[in-house]
Amino acid sequence: MTVIRTDDYGRVARERLPADVWDFIEGGSGDELTLAANAAAFRRARLRPRVMVDVSTVDTTRTLLGSRLATPIGIAPTAYHQLVHPDGEVATAAGADRAGALFVVAMFASRTLKDIAAASAAPLWLQLYWLRRRDAIADLAERAADAGFAALVLTADAPRLGRRLRDVRNGFAVDGRVRAVNLDAALMAASHDRRAGASALAAHAAQTFDPSLTWADLAWLRERSALPVLIKGILTGEDAAAAVAHGAAGIIVSNHGGRQLDGAIAALDALPEVVDAVAGACPVLFDGAVRGGRDALVALALGADAVLVGRPPLWALAAGGADGVADLLTGLTDELAHDMALAGRPTLADVDRRLIWGHS
Ligand SMILES: Cc1cc2nc3c(=O)[nH]c(=O)nc-3n(C[C@H](O)[C@H](O)[C@H](O)COP(=O)(O)O)c2cc1C
Ligand SMILES: CCCCCCC(=O)C(=O)O
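Residues numbered from 1 in each chain as written. Chains lettered and ligands numbered in written order. Predicted model: local features only at pLDDT ≥ 70, side-chain atom pairs only at ≥ 80, totals over all residues. Heavy atoms only, no water.

The name given to the protein in an unreviewed UniProt entry is Alpha-hydroxy acid oxidase, with Luedemannella helvata as the source organism. Comment text from UniProt for the protein, heading Sequence similarities (unreviewed entry), reads "Belongs to the FMN-dependent alpha-hydroxy acid dehydrogenase family." What UniProt states about the protein under its Cofactor (unreviewed entry) heading is, verbatim, "FMN". (UniProt positions renumbered as here; feature names shortened; annotations may be inferred.)

Caption draft 1: The arrangement of the pattern of salt bridges in detail. All told, the structure shown has 16 salt bridges when counted by the stated rule. Linking arginine 11 and aspartate 8 is a salt bridge whose minimum nitrogen-to-oxygen distance equals 2.7 Å. Within this pair, arginine 11 and its partner aspartate 8 are both found in helix α1 (residues 6-16), separated by 3 residues, close to a single helical turn. On the basis of relative accessible area, aspartate 8 is assigned to the buried category, the value being 7%. A salt bridge links aspartate 276 to arginine 353; its shortest N-O distance comes to 2.9 Å. A residue pair is termed long-range when its members are at least 10 positions apart, and aspartate 276 in helix α12 (residues 267-278) and arginine 353 in the segment after α14 (311-342) qualify at 77 residues. Several salt bridges converge on common partners, so that one network encompasses Asp23, Glu32 and Arg166. (Salt bridge = Lys/Arg side-chain N within 4 Å of Asp/Glu carboxyl O. Helix = DSSP H or I, 4+ residues; strand = E, 2+ residues; numbered from the N terminus. Buried < 20%, exposed > 50% of the residue type's maximum accessible area, 1.4 Å probe, protein only.)

Caption draft 2: Focus on the nonpolar core. Ranked by internal contacts, the top residues of the largest apolar core, which has 113 residues, are Leu183, Leu271 and Phe286. By residue number, the principal contributor to this core is α14, which donates 13 residues. In this structure, leucine 271 is in contact with Val253, Val284, Phe286, Ala299, Leu302 and Ala304, ignoring residues within four places of it in sequence. Ranked by size, the runner-up nonpolar core spans 13 residues in total, among them Leu64, Ala76, Ala151 and Leu285. (Core = buried A, V, L, I, M, F, W, Y, C linked by side-chain atoms within 4.5 Å. Contact = heavy atoms within 4.5 Å.)

Caption draft 3: Structural context of the pairing of strand β8 (residues 250-253). The two faces of β8 match: Gly250 and Ile252 on one face and Ile251 and Val253 on the other face are all buried. Bridging between strand β7 (residues 229-234) and β8 involves 4 bridges; their strand directions are parallel. Opposite lysine 232, over in β8, you have isoleucine 252 as the bridge partner. Each parallel crossover has a hand, and for β7 linked through helix α11 (residues 237-245) to β8 it is right-handed. Where the polypeptide runs from β8 across α12 and back to strand β9 (residues 284-287), its parallel neighbour, the crossover connection is right-handed. (Pairing = 2+ DSSP bridges. Right-handed = clockwise from strand over helix to strand, strands pointing away.)

Caption draft 4: Layout of the pairing of β9. Of the two faces of β9, the one holding Val284 and Phe286 and the one holding Leu285 and Asp287 are both buried throughout. Across 3 bridges, β8 lies against β9 in parallel orientation. Its bridge partner being in β9, isoleucine 252 is matched across the sheet by leucine 285. Note that β9 and strand β10 (residues 306-309) share 3 bridges and pair parallel. Looking at the pairing, aspartate 287 lines up with leucine 308 of β10. You can see the chain leave β9, run along helix α13 (residues 293-301) and come back into β10, and the turn it takes is right-handed.

Right, dumping it as structure tokens:
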């Protein structure tokens, strides 16, 4: 199959991956209402292009927390990349590096932070879940700083894992050969216990995730790491304001790709409210159903400083390893530049709400 659009990687990956791994990646929680809403929100958006603008040069570069990126399209944290490719996150990092893109590495990465860092000169951030074992969080934050990671991302929307019915039906468990190597083995054992009619990941999260996380705990993390801490999983202006008040260095508007609270609003619909509440106090990133350059353009116009893609890099990794990831990201960035030119917005500074019909 010739790969010309993001979804083509998905078709190739689906042919290559075991059905239960495909379902783990693709699935949302519950009735997958939020998963569907994320994509539908982009399909509704309509653009107001300007003409007679010099677009002979289009600039997609973006500076985020002091790091210069070739593209405002980066990689969202997703667990266990070795489920789809033997090189796992090392290949993902190499692909992101070639595209000059940000890669947010998951706490449950299947390659070591050191090996991932060695594969990329582009910025790397580390995502954290709030574990009952605080020592594991502090230890990981320290190792991330030592390995040259530039920021931490605390995922706030997962006091427990969403009820992902595909995983429950498949009795999904992570293949024993794929390990969350940055956490100690005892902490991770349950994610490999296959049991009919249950998701091993959900059972494992119930044991290890600490559902008592509140804003006060952000101070604990900030005291233990000099790295800036962003909060991922914000969908309301109230929480965005609280994040700023508690010293968050950035916010990621996200409903976890429709994998947590089913029925939560589409991430794109939440974006303007969050951007208004933040009022420029810190960068606002976005994820959820970005599948093309036009989607990225819409989210940027609604106020995101950068967008992240979650499932597509896993598809591209399965389809073509590091080359697949690099091609995906450069392809998305080319599409973004193309649409910026046709919309009469030659720089990201020109991309604002006036571009979106109904928001101008
Ligand atoms: C297979 C998979 C694993 C994920 N793992 C994590 C994770 O470990 N930590 C996290 O904060 N979010 C995780 N996410 C959510 C993504 O970071 C992101 O919010 C979501 O995938 C964005 O939506 P998209 O897939 O439509 O681009 C995961 C998503 C998928 C699909
Ligand atoms: C207990 C391990 C949880 C990893 C979950 C990754 C994931 O599927 C998600 O966050 O979504």
